[in-house]
Amino acid sequence: MIISIKSSASGGSSRGLVHYLAHSKLDRAKEEVEKREFFNESENELDVRLANRHLSIGGEKPKAEELLHIVIAPSKEEIATIGDDLKTRKAALKAIVRETVARLEKEVKAKQLKWIAALHFNTDNPHAHLALQKEFVNENGQRENLRITRQMLHYNSRQENGEKTLLKGALILAAEEKVLDIAAHRQNVIENNKNVE
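Student: Break down the overall build of the chain for me, citing the residues and quoting the values.
Tutor: Each helix and strand counted, the chain has 6 helices and 8 strands in total. Reading the helices (α) and strands (β) of the chain from amino to carboxyl end gives β-α-α-α-β-α-α-β-β-β-β-β-β-α. A globule of 197 residues ought to have a C-alpha radius of gyration of about 16 Å, and the chain, at 18 Å, matches this closely. When its C-alpha atoms are laid out on the principal axes, the chain stretches across 55 × 55 × 30 Å. Considering only contacts within the chain whose residues lie at least 6 apart along the sequence, 65% involve residues at least 24 apart. Counting only carbon and sulfur atoms, one obtains 46% of the accessible surface of the chain, whose full area is about 11300 Å². Looking at charge distribution, the chain has the averaged site of its 32 positive side-chain charges lying 4 Å from that of its 30 negative ones.

Student: Now, about the sheet that holds strand E2 (residues 67-73): what can you tell me, with residues and values included?
Tutor: Within a sheet, neighbouring strands are paired by backbone hydrogen bonds and run either parallel or antiparallel to one another. With antiparallel pairing, 4 strands are arranged side by side in an open sheet as E1-E2-E4-E3. In this open sheet, the two strands that pair with only one neighbour each are strand E1 (2-6) and strand E3 (115-120). Put simply, the sheet's adjacent strands are angled 20 degrees from each other on average, direction ignored. Sheet analysis places E1 next to E2, joined by 5 bridges and oriented antiparallel. Looking at E2, one finds that Ile3 is bridged to Ile72. Set on the sheet, helix H5 (residues 86-108) makes contact with E1, E2, E3 and strand E4 (127-133); between it and E3 the angle comes to about 150 degrees.

Student: Describe the packing of aromatic side chains, listing the residues and the values that go with them.
Tutor: A full pass over the atoms with the stated rule returns 1 aromatic pair. We note Lys90 situated over the ring of Phe121; from NZ or CZ to the ring centre the distance is 6.0 Å.

Student: Got a sec to walk through the pairing of E3? Specific residues and values, please.
Tutor: In terms of burial, E3 is a largely internal element, 6 of the 6 residues being buried. Residues Trp115, Ala117 and Leu119 of E3 are buried on one face, and the alternating residues Ile116, Ala118 and His120, pointing to the opposite face, are buried as well. Two elements, E3 and E4, share 6 bridges in a ladder whose sense is antiparallel. Bridge pairing links Ala118 to His129 in E4. The antiparallel pairing of E3 with E4 creates a hairpin that spans 6 residues between the two strands.

Student: Help me get a handle on helix H6 (residues 170-196), residues and values and all.
Tutor: Between its first and last C-alpha, H6 extends 39 Å over 27 residues, near the 39 Å set by a 1.5 Å rise per residue. Among the residues of H6, those classed as buried are Ala170, Leu171, Ile172, Ala174, Ala175, Glu176, Val179, Ile182, Ala183 and Arg186. At its buried positions, H6 is contacted by E1, helix H4 (76-81), H5, strand E7 (154-158) and strand E8 (164-168).

Student: How would you explain the environment of His54 if you had to name every residue and give the values?
Tutor: The topology assignment puts His54 in helix H3 (residues 48-55). Separated by 14 residues in sequence, His54 and Asn40 place their C-alpha atoms 9.0 Å apart.

Student: Break down the confidence of the model for the chain for me, citing the residues and quoting the values.
Tutor: Residue-level pLDDT values for the chain average 89, and 95% of them are 70 or greater. Per-residue pLDDT stays below 50 along residues 10-14; that stretch engages in 14 contacts with residues further than four places along the chain or on separate chains.

Cut-offs applied
- Chains are numbered independently. Their residues run from 1 in the order of the written sequence.
- Totals for whole chains, interfaces and linings use every residue, but because this is a predicted model, local features are given only for residues with pLDDT of at least 70 and side-chain atom pairs only at 80 or more, for both listing and counting.
- In computing side-chain values, all of the structure's heavy atoms are included and hydrogens and water are not.
- A run of H or I in DSSP counts as a helix once it spans at least four residues, and a run of E counts as a strand once it spans at least two, with each numbered from the N terminus.
- Only C-alpha atoms enter the radius of gyration; for comparison, a globular chain is expected to reach 2.2 Å times N to the power 0.38, where N is the number of residues.
- Residues count as neighbours in contact if any of their non-hydrogen atoms are within 4.5 Å of one another.
- What sets the accessible areas is the Shrake-Rupley method with a 1.4 Å probe; for residues, cover comes only from the shown protein chains.
- For the charge count, each Lys or Arg is scored as positive and each Asp or Glu as negative, with His and the chain ends excluded.
- Positions of charges follow a simple convention, taking NZ of Lys, CZ of Arg, CG of Asp or CD of Glu.
- Any two strands are treated as partners once DSSP identifies two or more bridges connecting them.
- Orientation is described by lines fitted to C-alpha atoms, with helices fitted over the stretch in contact, and by angles between N-to-C directions that extend from 0 to 180 degrees.
- Each Phe, Tyr or Trp ring (for Trp, its six-membered ring) is paired with any other whose centre lies within 6.5 Å, and the angle between the two planes then decides the class: stacked below 30 degrees, edge-to-face above 60, tilted in between.
- Two thresholds decide whether a charge sits over a ring: the Lys NZ or Arg CZ must be within 6 Å of the ring centre and within 35 degrees of the ring normal.
- Only protein chains enter the accessibility calculation, which uses a 1.4 Å probe. A residue is then buried if its area is under 20% of the maximum for its type, exposed if over 50%, and partly exposed in between.
- Take the number of residues in a helix, subtract one, and multiply by 1.5 Å to get its expected span.
- Confidence scores here are pLDDT values: one per residue, from the predictor, ranging 0 to 100.

Below, the structure is given as structure tokens:
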């Protein structure tokens, strides 16, 4: 599992990033869609206009510097364990994204983050792109700017003997745990179906 932070698209509004997520290297045949839809914590099939509206604060389109661009990319092996076909793999990747963002909310103590995501199944390494509004309201009702620390992703820890060890942060662990949950549920369904036959 790789979770990385990308630089936001340049430009004065979110149009660059949101349009990139929706349209970049769209392969209609491979992705089995005419256009990519966005989703968030509770909605599916948001178009570009609704995605921009969801990311806004005060009704105006956010500027590129107000957004954080994150990519969540399971390994090929992880993708293989979460579904047999494109439809189930897409549904599973959405669940992984939602679980990862929910964990991020806990880590930063946010009431709720404003975010949208799009799935990119146009390559041999399916992944999800997220656009997150950096400004959020914390549990105490105060406004803060979102910061993702290295301890939330992969980070190096120095041992007593001076050696560095690569450790998995909270967001990586949340995503991997969701992969394991989905894979275990899928395996139970397969075994139950075999027993019925």
